[in-house]
Amino acid sequence: MDPLYVALKLFELRKYDQVDKITTALLERNPQDEALWTLKMRALTQQVYVDEYEMEYEDVVDQLMDESAMAARPRPGTSLRQPVKTGVGVRPGATARPMSRRTGRPVSGMLRPSSRATTANMRNAMTTGRGLQTSQPLTAKIGRMLRQGTASMLTTPNGPFIVLSRLNLAKYTEKKYLAKPLFEYIFYHDHETALALQMANAAHNLDNRDWWWLSRRGLCHYRLALQREAERDMKEAASQQAHPDNHLYLSKIYARIDLPAQAIESYKAGGVNFPAEPAMLVGAARIFEELDDLANSTLFYRDALKIDAMNFEALACVGMECYYDDQPELALRYYRRLLQMGVHSAEIFINVGMCCFVSQQMDLMWSAFENAFLLCNKEQLADLFYNLGYICACSGELQYAQRCFQLSLTSNNSNPEALAGLAQIAYSEGDRQKAVSLLSVSVTASGKEDASMETLYNMAVCCEELGDHGSAFHYAQMAHTLASGLGAVDKDVKDLLLRLQAAIHSV
Amino acid sequence: MISYDGVGASASQPAATSAAVSPTTTDSKWITLVEDQDARVFTFGACMALMDLRGDGRYALVVGELNHTSGEIRLRALDGQSWRDTFKLTEFPAAVLAINLEPGDSGRRTVPAIAVAVGNLILVYKTMKPLCRYQLPPLPALKEEVDLWQAVRAKNIGILDLVGGLTVVRVSYPEAALTQRTRAFLLLPAEEREEFVREHCEKSLHRSTVITCMTTVNNKLKDEHSDQYLVIGTESRQIFIVDALSNMTKAQHDVPDVPVTIATHGTFLEKYRIFTSCRDGKIYTITKDYPEVVSIAPNDRPVTLLSTGKHLVVPCMDGILYFFKGKSHELQHKLDCPITCAEVIKYEATGLRAVAVALTNREVHIFRDDHLVDLFTCDEMVVAMKYGRFDREEGALALVLRNGTVIIKLIKRRAKFDPIVQEKPVKPLESLLPKKSALFLDHTVRERENCKRMNTAIFDNLTRMKYEINKRYADSLQLQTAGGTIRNDVILTPQLLGTGPCFKLIVTLQNTASDTPLIGYHIYLEMDQSMYALKGRLVEIPFVVPQGKFAFARPFRFIGSQIMQGEITIQLLKDGHCVPVLSVQTVIPESDPSL
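As a starting point, this report considers the structure included with it. Not measured: the values here are computed from a predicted model. (Residues numbered from 1 in each chain as written. Chains lettered and ligands numbered in written order. Predicted model: local features only at pLDDT ≥ 70, side-chain atom pairs only at ≥ 80, totals over all residues. Heavy atoms only, no water.)

Moving on, we get to empty space enclosed by the protein. Residues and elements named next belong to chain A. A full pass over the atoms with the stated rule returns four cavities of 30 Å³ or more. The computed volume of the second largest cavity comes to approximately 50 Å³. Surrounding the second largest cavity, 10 residues form its lining, Glu289, Leu294, Ser297, Cys317 and Glu321 being those nearest its centre. Those elements giving two or more residues to the lining of the second largest cavity turn out to be α15 (294-307) and α16 (312-324). Here the lining of the second largest cavity is composed, by residue class, of five nonpolar, two polar and three charged. (1 Å grid on protein atoms, 1.4 Å probe; cavity = no way out; pocket = protein on both sides within 12 Å on 5 of 7 lines; lining within 4 Å. Points joined across faces, edges and corners; volume = space filled by probe spheres on them. Helix = DSSP H or I, 4+ residues; strand = E, 2+ residues; numbered from the N terminus. Nonpolar A, V, L, I, M, F, W, Y, C, P; charged D, E, K, R; others polar.)

Our next topic: the sheet that holds strand β34 (residues 549-558) of chain B. In space, the four strands of this open sheet follow the order β29-β30-β34-β32 (chain B), with antiparallel pairing throughout. The open sheet has two edge strands with one neighbour each: β29 (490-497) and β32 (532-534) of chain B. Pairs of neighbouring strands in the sheet enclose a mean axial angle of 25°, with direction left out of account. One ladder, built from eight bridges, connects β29 of chain B with strand β30 (residues 502-511) of chain B; its direction is antiparallel. Note on β30 of chain B: the bridge partner recorded for threonine 493 of chain B is threonine 508 of chain B. Docked against the sheet, helix α23 (residues 432-446) of chain A engages β29, β30 and β34 of chain B, running at close to 15° with respect to β29 of chain B. (Pairing = 2+ DSSP bridges. Axes fitted to C-alpha atoms, helices over the stretch in contact; angles between N-to-C directions. Contact = heavy atoms within 4.5 Å.)

On to the pattern of salt bridges, then. Inspection of the entire model under this criterion finds 27 salt bridges over all chains. A salt bridge links glutamate 34 of chain A to lysine 175 of chain A; its shortest N-O distance comes to 2.6 Å. Separated by 141 residues along the polypeptide, glutamate 34 of chain A in helix α3 (residues 34-47) and lysine 175 of chain A in the loop between α7 (169-174) and α8 (176-189) bring together distant segments of the chain. A residue is classified by how much of its surface remains accessible, and lysine 175 of chain A, at 23% relative accessible area, is partly exposed. The partner of lysine 176 of chain A in a salt bridge is aspartate 207 of chain A, with the nearest N and O atoms 3.8 Å apart. Residue lysine 176 of chain A is located in helix α8, and its partner aspartate 207 of chain A is located in the loop between α9 (193-206) and α10 (211-223); the two are separated by 31 residues in the primary sequence. Judged by its relative accessible area of 58%, lysine 176 of chain A falls in the exposed class. Residues joined by salt bridges that share partners form a network here, namely Glu65, Glu72, Arg74, Arg76 and Lys88 of chain B. (Salt bridge = Lys/Arg side-chain N within 4 Å of Asp/Glu carboxyl O. Buried < 20%, exposed > 50% of the residue type's maximum accessible area, 1.4 Å probe, protein only.)

Packed helices, taken two at a time, are described by the angle between their axes plus the distance between the axes. Residue and element names in this part refer to chain B. Between helix α2 (residues 143-153) and helix α3 (residues 159-172), whose axes approach to 10 Å, the crossing angle comes to 175°. As judged from the angle between their axes, α2 and α3 are roughly antiparallel. Residues Glu144, Glu145, Leu148, Trp149 and Val152 of α2 pack against Leu162, Gly165, Leu166 and Val169 of α3. Of the residues belonging to the contact of α2 with α3, the class tally is six nonpolar, one polar and two charged. (Parallel < 35°, antiparallel > 145°, perpendicular 65-115°, else oblique.)

Looking at the element boundaries, aspartate 515 of chain B is found in the loop between β30 and β31 (521-527). The sequence separation of aspartate 515 of chain B and proline 546 of chain B amounts to 31 residues, and the corresponding C-alpha distance is 5.6 Å.

This structure, assessed with the given rule, holds 26 aromatic pairs over all chains. Ring geometry for tyrosine 322 of chain B versus phenylalanine 324 of chain B: centroids 5.8 Å apart, planes at 20°, classification stacked. Its relative accessible area of 2% is what places tyrosine 322 of chain B among the buried residues. With a centroid separation of 5.7 Å and an interplanar angle of 85°, the aromatic rings of tyrosine 532 of chain B and phenylalanine 556 of chain B are classed as edge-to-face. One end of the pair, tyrosine 532 of chain B, is in strand β32; the other, phenylalanine 556 of chain B, is in strand β34, and 24 residues separate them in sequence. As far as burial versus exposure is concerned, tyrosine 532 of chain B and phenylalanine 556 of chain B are alike and both buried. Aromatic rings pair up to connect Tyr49, Phe183, Phe187, Tyr188, Trp212 and Trp213 of chain A into one cluster. The cationic tip of arginine 223 of chain A hangs over the ring face of phenylalanine 187 of chain A; the distance from NZ or CZ to the ring centre is 4.0 Å. Geometry around phenylalanine 185 of chain B places arginine 193 of chain B over its ring, the cationic atom sitting 5.5 Å from the centre. (Phe/Tyr/Trp six-rings, centres within 6.5 Å; stacked < 30°, edge-to-face > 60°. Lys NZ or Arg CZ within 6 Å of the ring centre and 35° of its normal.)

This is the structure in structure tokens:
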């Protein structure tokens, strides 16, 4: 059989390693064969291909270099950088869901590249220490490219496949059949963004009616952090050709330059052109979630599920929404579906266990937790023990709850929730002093700006009972800023504040 | 997914704030005409009537009441400012009311009569003199009962058989269905029974009943001059419509239970409707032409029934005021306190139709339709109310307080009863719980069907969970790598600042014990010396008081050549112990040496 034909078939089967081997052998015999050359380029590109429309981490350096911020204090709902405290989506009275550590936004139902969202401001980023169990890279892009750079080195032990510096770009740009694979190779495999941009520019000059080159030029601009140029290119590309990628790229750029409303509009426009494309809906749902508009977010996730019933992200997010919306039995169904689809992670099992507990299917609970024990790492173990502690506390086993919280601390030394749980037990035993000191550790562990409302309120109550009205007032005020709009909880906090004010005035 | 509940939920509950409406005396809609604090009247709303005693247009308050000092029951009238003793009664009346016995017209004013329901009698007085009496028609005795007594008379059965037979009858019928003779006979001691039978068995059996409630219904016209009939509810579960003057029963209805309160609507000749609340807590509606009985059941027992013409107002024991219109109610008002009594207000001058509701917190609320329009407070709880005319004035509300005070209030002519915008102090929590899903119902079915198996499984699960927790707890006690609090009341919290190659490590040590201080501890920072340059690895901990905190910072620098992650182990050591008390590990992120 013709080895080129075999290589092509293997390429279709996505066996890129074997394609690489065959084409390398063939190219040694005939280095001028452009077909082989193209195939090898594509195989190498596919090995490291990343969907560019997924959001990346945006970390300290990106924030520091951010030139696109329009206003230092944007109006609520117009910026992703502003943590939304009294958002549209916060339901009064309903279970207040736990907030993520750094931002005050709800913890996502699914871990995805951008879900460890940005720090609220630079000062916090510089002053709060990082979590002890994780070591995030400084800039996500550098981290990813470095890794992939080394990967490419390994695949070609005899030096790089194409020496880009010696390449006559102008010549290859004119050969249309070769230009696109070559561009992708440069862009994705070698990460030579400047060179890729040069090539895209040249190709665009040759034929300015080709949307593909426009959108690739946009990608290059984006990677070089020239977001406004990228936006212009993408817009033009999208107007020339309504391709899903163009809409997704455009939305991503808007999200990056902190224009969430524009991003949603762009996703919606994409949705009109491609009504059966769940990526648009999921994208819009993510932006809504970051804006803390959970009602809309869930709506979009549910729509996405109608199109694609196997979308992990939508399943996980809708499941979480159901859980906090007092329908744990429905959440259980979503999580079980994830398990059926082969997503086996400790978190899912923990969630299934919690759903079983809350929806009173307690006979199924422990098997889920047992599986979670088998799968979990150290940080997940901390959360697992925290949840077990919660279950013990709910079923009245305070001693076991205490042990669970302590075990949670063993795995994650600064687990503010576990510390708060211990404080709660100390409080119920009547040891106010201990409760206060544990709560204060909890507040330190989560950072004063990011402490949960409950912790602050409890701290204020304990301080009040110990007669320390000054600190109590301080903590109650902090709790009050977080609690506004939470219905009954809000009222409790306000009453406490008024009581403390009266006490302080009477002194 | 981390669920987190605060201590705060159980920590403190603020005192409930009372209603925010503050009735100010300046814009009161009422004038107090009489306030007699020495009246010592003890009565109920049904035993009060405001009526023209002598036909001279001066209205008086007639009360059937119990005198607490002498214990006698009498009918008294407040005429102008003074009380007149009128009649002694044999027992406490079920109702006292004014009734027009004959039709009047605009030229001639008729003198209304007082109807007093006592036992099975209705005594009618006119211009303060006894006029006539009406006795409820005797009821036929039960067949079984009659047979038994006849058998005794014919000496077919003995006394013991009679007792046995009558006891069976008493068990199978309600108490009120038996004749007085049988009831009295069964209560007698055994030795007196023979005497009783000998004395009474020759006489015929009578069964009478007792009036439980009474009201009036107009005969022909809707206005106040029309002649009226009495509507009487009895213990024998019947309602009679009676013309007292001619001693005739005009109509008779059966109700499913004993009527307790009664209200009417319409005229007897055209169409009338009788609303009655019975001992079973339901309200039955009886219409003239439709013999069947329609029932409505509020959540709790009705205090009384009021018919305003537009609504049927039912104040209930649970403090809810229902406004029924037609068959559907669905207008209700939750009041803060239980209701003591209620009365309809029909003020012709302004066309006001309202309901006054007295509460246990000494307030009287006035509702027009279903809106609160006025509110005033009395010195004591109001136990009875009657609305009508007093002296020569229209719009009088007579109130009897718990301490026996009688107050008569008049509506001010210019008073406007506009709805009070009631500022609710606490918004009722919006119930945002979603509807229970079909899946939830399936789960409940599963629970119901496999309850035993599930219960065993749950306990099995809990036991296994406890075992796992205990095992891991024991392991961690062995390892002693806890962040604190397992064996010691110490929490170590390290924080790492900086992005490399320069870092700063901040270690906070908190003593969470409530009484023991920390003495003689050291902290040792252990890290790869070829990768990081750190001075002062051993830190001596000073005396840390209970609840106290000790924090220190150590800057260090990455000096290695390879990009890789590092680790710090922070160990808490105690003097004289070779094993560290605590140890905490921290990851140091990779830093580029080229920076």
